[in-house]
Structure formats: structure tokens, C-alpha cells
Amino acid sequence: MSRTGPVAGRGPTRERAGHLTPLLPLQDLNLAAAALLYDMVALQASERSAFGYKRAAKAVVGLPESVVDLVAGDRLRDVPFVGPSSTRIVRELVETGRSPTVERAIASSAKASDVAKRRVLRSNFLSEHAMRQVLSAELPPDIVSRAAFRGDFQMHSTWSDGAESLPLLIEGCAALGQTCLGITDHSHGLPIAKGMSMETVAAQQAEIDGLNAELAGRFRVFKGVEANIQADGSLDLTEDERRHFEFVVAAPHAKLRRTEDQTERMLAAVSASAIAILGHPRGRVFDTRGGVQCDWPRIFAVAAERGVAVELDGNWHRQDLDFTLAGQALDAGCLFALDSDAHSRRELRFTDYAIAHARLAGIPSERVINCWSDDRLAAWMAERQERTPVPPARSAKGARARRAAR
Ligand SMILES: [Zn+2]
């Protein structure tokens, strides 16, 4: 990323080896503008002035329209929470590619090194506007798109730390045109996220069986869990416990600010039996932490060999993996899961960010589990669990009859 100029990134490429020709040059001026406002947040002496810049930055990053058009039409002042100082900074960026206001503020501050550190923690994120541009860009038809996307494989309900019930999440996914989902409430090793005991898991799975029977032929819920990758790379669920699910997402939730190499930890996790997806692999958070440092090509090679999908977590603050690392995973031969990590229906739309990063990395639908049929998904999940697939309920009536026969 240039110091204050537009964020330029690598777009999808056709010939991955040899000369890489970007199909989609990315110029995310909205993110660059928001990043400058976040620089100002870091420089403020008072919480109150920091709050103003923070609100403005959030507003800019969430704009559906380009700041270039807003500046040209003199409409930036109409954006809620973007006051005169923020307007000046955004205008400078759009008109000159840099902001002398921010540069002066940094030069006269004792917090310059803090700003430099935070800038690294904002790279390869997409603004709402850039995400929309990428989703609507003309790309070869084999590249993953919203139209090819059937279902989301990481989300949380009231069975753990989510805000809404599973039936409401199903409604939300169906409203987005999706026809399946994977529910991945937290496992018992993460009490801070209200992780489920195995008794709770049994109750949740009974609810899922009932819902699947009701929805048969229209929608399918896959029984997942988000297991925690512990400090030594082992999972918080035993192998036996992992076999209670159709699929297991393994994801790191601690030691995400360390600078030392954690390749061994992540290798252990991706090599564990009965895991299907490596969730938010780095555990990075925008402007806050960089996440796990490791030799990613080594992790991707093992994931590819074992048929474990690597996740592009679309939660706005995560965007993890981003398009650059996703491109490396594509080269390694990985499968991908593009998920929202939603904790409510409102957040289900975060899959759009995951799809946008995948498109920037040039990932074909064929490699994306979210685009597969229920049967192919069930077969792939069963293979990860080393068992035969669970057949879907044929109809509500049939499922009731089968339950009664047990
Ligand atoms: Zn997680």
C-alpha cells in the first residue's frame, strides 16, 4: 500500500505461472480514504475527537458509492458523520492522491510509529464500494460469483454466541436466494463464546433433524461446529466428539498477536482427523491485530493434499484469507469455503466480501464448496469424516415415518 494513495492490489490472473495478467485492477479509494481517517483516530489525544474520526471512517468504508463521485458532485458533506475535517482529508486524497493534512498531523505527533504499525493491519481489506465493484465486474464465467453461490458454511445461532435462532438464520439465507447452510456454533473449549457441551450439541442436532424434515427438497442444514485450535495446534474437541458432526471448522481464537512463527501449530490443526474447513486461518482483525504468522504455502499444501477447504471469512473486520493469500492457496490446489461468520441475519451478507476476495484471487466455482450440490457436499464431508454420506431427508412425511420407526 502506498503511504496515502490508493490501495492497489493484485486482481484475478489467467496464467498463474509465468506472467500474471490481472483481469481486475483494484483501486479502492474508499478504503484508502477511510484508512487516512483511521490514521487520524490513532493520532488524537482525546477519546472524543478520536470518536468523530472513527465514525467518519466507518461511514466512508460502508459507502455504496465511490468517494471520487461524491467529491466530484460535492456530496461528501451529505454523508452522515463525515464532518468538515474528514471531508477535507478525503477531498485531498481524491484530488491529489495524498493528504497533506494527515501527513502534517503525523509529522507533529509522537504517535507516528503507532500509525505505521496500524497501517499494516489495514492492508488487503475491501470497502463496501470496492466489494460491489468486484461482484459486478465482468469476469470469465467459471470464476466464482454470487449467482453460483448456494450456501454459507460458517454462522452462529443462539445455540452458542449468535443473536438469533437457527430458524431465523435459515430464513435469512433463503431470503438471499441460498438453498443450504452449515451451522457452526462454537465448541465447548470456547466458553467465552458460549461453546456448546456435547449434550447441547445433541439437542441442537435434534432441532436440525426436525427442520431438515420440514424443509426437505427446499433447503438443507448441515450439522457443523466451529472447533477451537489451541496453542499447541490440538483441537478442543476429541476425535470422537468431532465425529458427531457432519463437518468441523477448525479456527484459531487465541495467540493472534504473536510475532513468532506458528507454522507447527497450524500444520497440526490442518492435519487433524475429521476436519473439513480451516476457518479464518489467520485470525486477523482490521486495525487491531495481524493474526497468526506462519509459512502459509506449507499449510496450503497440506490442506490441498487432505481435501480440507481453506476459508475466506467475509466478516468485514476479518476478510481472512484475503485475495493475496487466497491466490497462493489456489496455486497450491486448495478447496475454498466462502463464509459470512454471521452472528445474526444482518451479517449473512458478509459472504459478499468472501466472494469478492475469491473473485480477485481468480478462484473458479468448481473449487468452492459453497457452490456444490447437497450430494457432493455430503460426500465431501463424509470423506473428511472417513465415513459414508448421510442421506438427506426425502420428505417431511418420510422423515416422520423414519423417526417413528426408530
Ligand atoms: Zn471463529
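Below is a summary of the structure that appears in this document. What you see is a predicted model, and the numbers here were worked out from it, not measured in a lab. (Residues numbered from 1 in each chain as written. Predicted model: local features only at pLDDT ≥ 70, side-chain atom pairs only at ≥ 80, totals over all residues.)

**Comments concerning the sheet that holds strand 7 (residues 277–278)**
One key point about sheets: their strands pair by backbone hydrogen bonds, in either a parallel or an antiparallel sense. Definition in use: Two strands are counted as paired when DSSP detects at least two bridges linking them. The secondary structure listing takes helices from DSSP runs of H or I that are at least 4 residues long and strands from runs of E that are at least 2 residues long, numbered from the N terminus. This entry defines residue contacts through backbone-placed C-beta atoms, with two residues in contact when those atoms are within 7 Å. Only the stretch in contact is used when fitting a helix axis, every axis being a line fitted to C-alpha atoms; angles between N-to-C directions are given from 0 to 180 degrees.
With respect to topology, seven strands assemble into an open sheet ordered 3-4-5-6-7-8-9, the strand pairing being parallel. This sheet does not close on itself; its edge strands, each paired only once, are strand 3 (151–152) and strand 9 (335–339). The sheet contacts of helix 15 (residues 374–385) involve strand 4 (180–183), strand 5 (220–229) and strand 6 (247–252), and relative to strand 5 the element is tilted by about 35 degrees.

**Section: unusual backbone geometry**
Geometrically, the link from Asp320 to Leu321 is a cis peptide bond, its omega value of 0 degrees lying close to zero. Along the polypeptide, Leu321 turns up in the loop between strand 8 (309–313) and helix 13 (323–332). Even without a glycine there, the phi angle at Ala274 is positive, about 55 degrees. Checked against the element boundaries, Ala274 lands in the loop between helix 11 (263–271) and strand 7. One non-glycine residue, Asp287, lies in positive phi territory at about 65 degrees.

**Thoughts on the packing of helix 4 (residues 84–96) against helix 5 (residues 100–107)**
As a reminder of what qualifies: For classification purposes, angles smaller than 35 degrees are called roughly parallel, those larger than 145 roughly antiparallel, those between 65 and 115 roughly perpendicular, and all remaining angles oblique. All amino acids are sorted into three groups, where Ala, Val, Leu, Ile, Met, Phe, Trp, Tyr, Cys and Pro are nonpolar, Asp, Glu, Lys and Arg are charged, and the leftover types, Gly among them, are polar.
In the contact formed by helix 4 and helix 5, the axes pass within 8 Å of each other and the chain directions differ by 115 degrees. Taken as axis vectors, helix 4 and helix 5 run roughly perpendicular relative to one another. In contact with Arg88, Ile89 and Glu92 of helix 4, helix 5 contributes Pro100, Thr101 and Val102. For the contact of helix 4 with helix 5, the residue count by class is three nonpolar, one polar and two charged.

**What to know about the nonpolar core**
The tendency in soluble globular proteins is for nonpolar side chains to be buried as a group. Where we set the bar: Core membership is restricted to buried Ala, Val, Leu, Ile, Met, Phe, Trp, Tyr and Cys residues, and these are joined into a nonpolar core through C-beta atoms within 7 Å. With C-beta atoms placed from the backbone, the exposure class of a residue follows from how many other C-beta atoms lie within 10 Å of its own: 20 or more, buried; 12 or fewer, exposed; in between, partly exposed. Throughout the structure description, domain borders are defined by an automatic or database domain assignment.
Judged by nonpolar contacts, the single largest core of 112 residues is most densely connected at Leu37, Ala250, Phe336 and Ala358. A per-element tally of this core places helix 1 (residues 29–43) first, with 12 residues. Split by domain, the residues of this core number at least three in each of domain 1 (8–136) and domain 2 (151–385). If we skip the residues at most four places from it in the chain, Ala358 touches Val144, Leu312, Ala326, Phe336, Leu338, Ile363 and Val368.

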